[in-house]
Amino acid sequence: MYKTILVPVDGSELAELVIPHVEMLAKAGAEPAEVVLLGVCESARMVMGGYGETVGQMAVLVKQAAAACKADAEQYLAATEKRLKEKGLKVRTVLMEGDPAHEILEYAANNPVDLIIMGTHGRSGINWWAYGSVTSKVLRRIATPLLLVTPEKK
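Below: a short report on this structure. Remember, predicted model here, so these are calculated numbers, not experimental data. (Residues numbered from 1 in each chain as written. Predicted model: local features only at pLDDT ≥ 70, side-chain atom pairs only at ≥ 80, totals over all residues. Heavy atoms only, no water.)

**Regarding helix α5 (residues 100-110)**
Note the threshold: Residue exposure (1.4 Å probe, protein chains only): buried if accessible area is under 20% of the type maximum, exposed if over 50%, otherwise partly exposed. Strands are runs of DSSP state E lasting at least two residues, helices are runs of H or I lasting at least four, and both sets are numbered from the N terminus onward. Working rule for contacts: check all heavy atoms of both residues, and any pair within 4.5 Å makes them a contact.
Turning to α5, its buried residues are Pro 100, Ala 101, Glu 103, Ile 104, Leu 105, Tyr 107 and Ala 108. Next to the buried residues of α5 lie β1 (4-8), β2 (34-41), β3 (90-97), β4 (115-119) and α7 (134-141).

**Some remarks on the sheet that holds β3**
Two orientations exist for strands paired in a sheet by backbone hydrogen bonds: parallel and antiparallel. Formally: Strand pairing is assigned whenever DSSP detects at least two bridges linking the two strands. Axis lines are fitted to C-alpha atoms, over the contacting stretch for helices. Their N-to-C directions set the angle, which ranges from 0 to 180 degrees.
Strand order in the open sheet formed by five strands is β3-β2-β1-β4-β5, with parallel pairing between adjacent strands. Each end of this open sheet is capped by a strand with a single partner; those strands are β3 and β5 (146-149). Neighbour-to-neighbour, the strand axes of this sheet turn through a mean angle of 20°, independent of strand direction. With four bridges connecting them, β4 and β5 associate as parallel partners.

**Comments concerning the state of the cysteines**
Defined as follows: Pairs of cysteine sulfur atoms within 2.5 Å are identified as disulfides in what follows.
Tallied over the full model, the rule gives one disulfide. A sulfur-sulfur separation of 2.2 Å characterises the disulfide bridge that pairs Cys 41 with Cys 69. Looking along the S-S bond of the Cys 41-Cys 69 disulfide, the torsion reads about -95°, which is the left-handed sense. Of the two residues, Cys 41 sits in strand β2 while Cys 69 sits in helix α4 (residues 57-86), which places them 28 residues apart along the sequence. Judged by relative accessible area, which is 5%, Cys 41 ranks as buried.

In structure tokens, the structure reads:
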């Protein structure tokens, strides 16, 4: 059915909601699909708004935050990869730096991907406008099939 499933994750509870769907769909075909767990850390330059080194101490703090993001993402990706491999799935991880929506779109455009599975908060109206949405940016510009998983309403 699917050969490669791209799963953008950020370590959040929302990202974890997609994992059972990933497991089920990866095992659905005659041969299990490869799962690519994609993490994206925003670059220090993006966070600084392009000011780079000119802001002194702020630049140091942002670079430290970017390094912490990378370390946290690597740890999360490795743990999730291990968990999925223990369930018999073929998994690899990719960690990129930049704007999350852009990096997801770039990865999908430049690599063989049959399906993307992402979580969404299901925000609308002013909440969507205020927080933006990586998922909606990907949805509007992707040609690859996209499965969106929303949390249950309580």
